[in-house]
Amino acid sequence: MIVDDIAAVRDREHAARAAQKARIAVCSAAGCLSTGGSAVKDALTAAVAEQGAGTDVRVLGTGCLGLCHAGPLVRVDAQDAAPAMFEHVTPALAVAIVSGVVGGALPAEQRCDLTQPFFTRQHRIVTSDAGVVDAERIEDYLAANGYAALEKVLTEMRPEEVVREISASGLRGRGGAGYPTGLKWSTVAKAQGPGKFVVCNADEGDPGAFMDRSVLEGDPHRVLEGMAIAAFAVGAEQGYIYVRGEYPLAITRLKTAIRQAERMQLLGHRILDTQFNFRIDIRIGAGAFVCGEETALISSIEGKRGTPRPRPPFPAEAGLWGRPTLINNVETYANIAPIILAGGSRFATLGTEHSKGTKVFALAGRIVNTGLVEVPMGIPLREIIYDIGGGIPDGRTFKAAQTGGPSGGCIPAAHLDLPVDYEALAGIGSIMGSGGLIVMDETSCMVDVARYFMEFCRDESCGKCIPCRAGTVQMHEILLKMTRGTADERDLGLLEQLAELVTRTSLCGLGQTAANPVMSTLHHFREEYMAHIRDKVCPAGVCPMHAEDRP
Amino acid sequence: MKMLDAAMKRHRHQPDSLIEILHTAQELFGYLDVQCLKYVGHALKVPPSRVYGVATFYNIFSLKPRGAHTCVVCLGTACYVKGTAAILAAIERDQHVEVGGTTPDGQVSLVTARCLGACGLAPALVLDNEIHGAMTPETALARIKAWTDHDRG
Ligand SMILES: Cc1cc2nc3c(=O)[nH]c(=O)nc-3n(C[C@H](O)[C@H](O)[C@H](O)COP(=O)(O)O)c2cc1C
Ligand code: FES
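Residues numbered from 1 in each chain as written. Chains lettered and ligands numbered in written order. Predicted model: local features only at pLDDT ≥ 70, side-chain atom pairs only at ≥ 80, totals over all residues. Heavy atoms only, no water.

> How should the overall build of chain B be read in this particular structure?
For chain B, the count of helices and strands is 7 helices and 4 strands. For chain B, the sequential pattern of α-helices and β-strands runs α-α-α-α-β-α-α-β-β-β-α. Along the three orthogonal principal directions, the C-alpha set of chain B runs to about 50 × 35 × 25 Å. Expressed as a percentage of the 153 residues in chain B, the buried residues total 51%. Look at the contacts in chain B between residues 6 or more apart in sequence, and 61% of them connect residues 24 or more apart. Per element, the accessible surface of chain B, about 7,300 Å² overall, is 55% carbon and sulfur. Each charge sign in chain B was given a centre, from 15 positive and 14 negative side chains, and these centres are 8 Å apart. (Helix = DSSP H or I, 4+ residues; strand = E, 2+ residues; numbered from the N terminus. Buried < 20%, exposed > 50% of the residue type's maximum accessible area, 1.4 Å probe, protein only. Contact = heavy atoms within 4.5 Å. Areas by Shrake-Rupley, 256 points an atom, 1.4 Å probe, with all protein chains shown as cover. Lys, Arg positive; Asp, Glu negative; His and termini not counted. Charge placed at Lys NZ, Arg CZ, Asp CG, Glu CD.)

Now the structure itself:
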């Protein structure tokens, strides 16, 4: 019986862990690896072997530990002591850490204060396995109660009950739009016919966002488990994960995870000895932002150019190869197993009235603590930026926080006390988006930021519909003129008209939201636009303001 | 070509595996030339117009040969806010190369990316498949010089 085998693996892991004196976790997400994390891991492993501590001390490569700018990070969990974390670890320090673990006294230098708000104010559901689970070992995931939710679903629940549980949790899609996940599942479940598909959107196209990447790299099984539960709930036997080609490490880890899960009969044929079959294949994106849009993504999985098509029909009714298709985001799937285990109503106690649970944010830009944080929905933006994020470096002042990438907007200081949830952000002209949160100080010019995003949308517009293809070019031209000091007030009027037109008439979300950065900066920072237009000056000193200079 | 054939066989020559196959081809040959596109189209029974359409739609695919080294400058928001535009301009000036181009001696290709997912380390560059964070125009140029000094002798 495979279920017994899995229980045996869990027992074995727990026993091994109880016998271990300490576990040393190295952040093995791409960020820390690029600052020397793999050399640190090698040094740790070698030192453990050298000091003959192989059974007492385990070295594991885990998901993102959060504080990316201080990497490589190493976390030590000793049997009889509070956890400790080290920052900017070098191979030499790694050796000292191992000696410290063996000798009982950890080095005092380069300690990361685990009592700082960056760590204590977080609430980890999606990222709870970081520091605990080795991203490349299914045994670790099983020991952390991994695949227990799948087992519960397959042995104790009917598909309708699973959908009901997800609905009760109030979970909303984490890919940007915030569509209620339970409702989407029930639509696909009700759709007729065999050959349904479950798709994971791991295209993560918003620049400045790396939450999905961290989840895929650090805890790939969590996503696979969520997809398998979804497949059972909606009645699908085939799944695809569409990962962007820029994430080679995530792709490797996913491939490894799928192979491991298949070997343990947690994916594939007759999962956990039940009648349920589910296969997952990976499709690799090739660098097109629009492919994050669900209909474009479908077209790309089918091997075509990634151009969107009008909805309805929604993918839930006619998606991949015309079949009913469930598409959710990585973080959405990562929430599924915890919801099943804790119960939907329990999950729903966290967050605000219409936004439940937590949200993972990628903090970046002009902020002290750049990295990955998970916070309860409804937390004030000020707390994320100042308490958790540590505020603005170099004695500068906060100017704006950008959320939602090219579809979102800039939030000014006046709204810092806003609770972060879907409705509140939409209310001030931004969106929750996928979780990128980029902080800007007075060195950023809002007109230039608007121009930057418009250039992005212009380049990424797939060209299928005219409002988006031509409108983004025109809006970019006007914004370019503003940054060069050659625009007048008529241009401003034209910009506003175009923004309205492109928003209302574009075919897909890319065009429909392309004007958001312009509209939100115009709303909150109109003075800055006027300075460019009327006085021909850029208060931030970013724009060239001379026609002949390049922007 | 053998490896490419094997990859196509693995996908049972399904037309919908086109993008996967183009990924493999680019990994094998570094870029996609017209010959290769025709070959793949023929084998997968996809018309050349569609193969070309797909190959030109996606940014990752390159129809021109790349230089010996590739420098990817991230122009994602986090990196932009932290000044990659200045780094890019410095590289263009110093190496006499434009985005999408390769230095005349075929040493360095310069491309840009939309976000590497390493925003915590912004501004970030990818130099020959390795991510480098917290770059400045000076450190970026120094890294590139190290390549070229080594190879240009
Ligand atoms: C232009 C555009 C880009 C998008 N990019 C992404 C993306 O990178 N990742 C993602 O999960 N959803 C993206 N979406 C949203 C998807 O279309 C879709 O709503 C989402 O994958 C649904 O999953 P969810 O309900 O779990 O959020 C994008 C939408 C648009 C219009
Ligand atoms: S914006 Fe450059 S890595 Fe994300």
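Now that the structure has been shown, we can carry on.
> What am I meant to see in the site of ligand 1 here?
Residue and element names in this part refer to chain A. Residues in close proximity to ligand 1 total 18 residues, the closest being Gly175, Lys184, Asn328, Asn329 and Thr332. Arg174 is positioned with one of its backbone polar atoms (N or O) 3.3 Å from an oxygen atom of ligand 1. For ligand 1, whose accessible area on its own is 610 Å², the fraction buried by protein is 89%. Contributing elements (two or more residues each) for the shell around ligand 1: β9 (325-329) and α20 (509-514). Among the elements that line the shell around ligand 1, the one with the most residues is β9, at 3 residues. A class-by-class count of the residues in the shell around ligand 1 yields 3 nonpolar, 9 polar and 6 charged. (Near = heavy atom within 4 Å. Polar contact = N/O pair within 3.5 Å; in protein donor to acceptor, adjacent residues only side chain to side chain. Nonpolar A, V, L, I, M, F, W, Y, C, P; charged D, E, K, R; others polar.)

> For this particular structure, what's the right way to read the packing of aromatic side chains?
We describe a pair of aromatic rings using the distance from one ring centre to the other and the angle between the two ring planes. Enumeration over the complete set of coordinates arrives at 12 aromatic pairs over all chains. Ring geometry for Tyr452 of chain A versus Phe453 of chain A: centroids 5.1 Å apart, planes at 70°, classification edge-to-face. Across this residue pair, the class does not change: Tyr452 of chain A and Phe453 of chain A are buried. Judged by centre distance (4.3 Å) and plane angle (25°), the ring pair of Tyr452 of chain A and Tyr80 of chain B falls under stacked. You can see Tyr452 of chain A sitting in helix α17 (residues 446-460) and its partner Tyr80 of chain B sitting in helix α5 (residues 77-81), one on each of two chains. Each member of the pair Tyr452 of chain A and Tyr80 of chain B is classed as buried. Among the aromatic residues, those joined into a ring-pair cluster are Phe197, Tyr240 and Trp321 of chain A. The lysine or arginine in question, Arg172 of chain A, covers the ring of Tyr422 of chain A, its NZ or CZ lying 4.2 Å from the ring centre. Note that Lys359 of chain A overlies the ring of Phe361 of chain A, its terminal NZ or CZ placed 5.8 Å from the centroid. (Phe/Tyr/Trp six-rings, centres within 6.5 Å; stacked < 30°, edge-to-face > 60°. Lys NZ or Arg CZ within 6 Å of the ring centre and 35° of its normal.)

> I'm lost on the sheet that holds strand β14 (residues 436-441) of chain A in this one. Help?
Sheets are built from strands paired through backbone hydrogen bonds, the pairs being either parallel or antiparallel. Residue and element names in this part refer to chain A. Strand order in this open sheet of 5 strands is β11-β10-β14-β12-β13, and the pairing throughout is mixed. The open sheet is flanked by β11 (371-376) and β13 (409-412), the only strands paired with a single partner. Strand-to-strand, the axes of this sheet are offset by a mean angle of 30°, without reference to chain direction. Sheet analysis places strand β10 (residues 358-365) next to β11, joined by 6 bridges and oriented antiparallel. Pairing of Lys359 across the sheet is with Val375, part of β11. Docked against the sheet, helix α9 (residues 211-218) engages β10, β11 and β14, running at close to 115° with respect to β10. (Pairing = 2+ DSSP bridges. Axes fitted to C-alpha atoms, helices over the stretch in contact; angles between N-to-C directions.)

> Sorry, what's going on with helix α3 (residues 34-44) of chain B here?
Side chains of residues three or four places apart in an α-helix project in the same direction, reflecting 3.6 residues per turn. Residues and elements named next belong to chain B. Every buried residue of α3 is accounted for by Cys36, Leu37, Val40, Gly41 and Leu44. Take α3 and look down its axis: the buried residues cluster within an arc of 130°, on one side only. Exposed and facing more than 90 degrees away from the buried side of α3 are Val34, Gln35, Lys38 and His42. Buried residues in α3 make contact with α1 (2-10), α2 (18-29) and α4 (48-57). (Arc of directions from axis to C-beta.)

> Hey, could you run me through the sheet that holds strand β1 (residues 22-27) of chain A in this one?
All names here are of chain A. One open sheet accounts for 5 strands, arranged β2-β1-β3-β4-β5; its pairing is mixed. The open sheet terminates on both sides in strands that have one partner only, identified here as β2 (57-62) and β5 (111-112). The pairing of strand β3 (residues 74-78) with strand β4 (residues 84-86) spans 3 bridges and is antiparallel. Counted as the bridge partner of Val74 is Phe86 from β4. With respect to the sheet, helix α2 (residues 30-50) is in contact with β1, β2 and β3, its orientation differing from that of β2 by roughly 165°. On the sheet, helix α3 (residues 91-103) packs against β1, β2, β3 and β4 and is oriented at approximately 160° with respect to β1.

> Looking at this structure, how should I read the domain arrangement of chain A?
Interfaces are often sized by the amount of accessible area the parts lose when they come together. All names here are of chain A. When cut into domains, chain A gives domain 1 (3-120), domain 2 (145-347), domain 3 (358-441) and domain 4 (446-549). Averaged C-alpha coordinates put domain 2 and domain 3 at centres separated by 27 Å. Taken together, the contact pairs 15 residues of domain 2 with 20 residues of domain 3. A combined buried area of about 1,400 Å² lies between domain 2 and domain 3, and 58% of that area is made up of carbon and sulfur atoms. (Domains from an automatic or database assignment. Buried area = accessible area lost by both parts, 1.4 Å probe.)

> Got a minute to help me understand the environment of Arg17 of chain A in this structure?
All names here are of chain A. With respect to the helices and strands, the residue Arg17 is situated in helix α1 (residues 2-19). As a C-alpha pair, Arg17 and Asp56 span 39 residues in sequence and 9.0 Å in three-dimensional space. If we ignore the near neighbours within four places in the chain, the residues touching Arg17 are Arg23, Gln79, Val132, Asp140 and Ala143.

> Which parts of the structure should I look at to understand the domain arrangement of chain B?
One can read the domain layout of chain B as domain 1 (2-57) and domain 2 (69-152). Distance from the C-alpha centre of domain 1 of chain B to the C-alpha centre of domain 2 of chain B: 29 Å.

> Before we go on, may I ask you to explain the pattern of salt bridges in this structure?
All names here are of chain A. For the coordinates displayed, the defined rule picks out 37 salt bridges over all chains. Across the pair Arg17 and Asp140 runs a salt bridge whose closest N-O atoms are separated by 3.8 Å. With Arg17 in helix α1 and Asp140 in helix α5 (residues 138-143), this pair connects stretches of sequence that are 123 residues apart. Asp140 matches Arg17 in its accessibility class, with the two residues each being buried. Between Glu455 and Arg451 there is a salt bridge, and its shortest N-O distance comes to 2.8 Å. Of this pair, Glu455 and Arg451 both sit in helix α17, separated by 4 residues, roughly a single helical turn. A relative accessible area of 26% places Glu455 in the partly exposed class. The class for Arg451 is buried, based on a relative accessible area of 5%. One salt-bridge network, held together by shared partners, links Glu13, Arg17, Arg58, Asp134, Arg137, Glu139 and Asp140. (Salt bridge = Lys/Arg side-chain N within 4 Å of Asp/Glu carboxyl O.)

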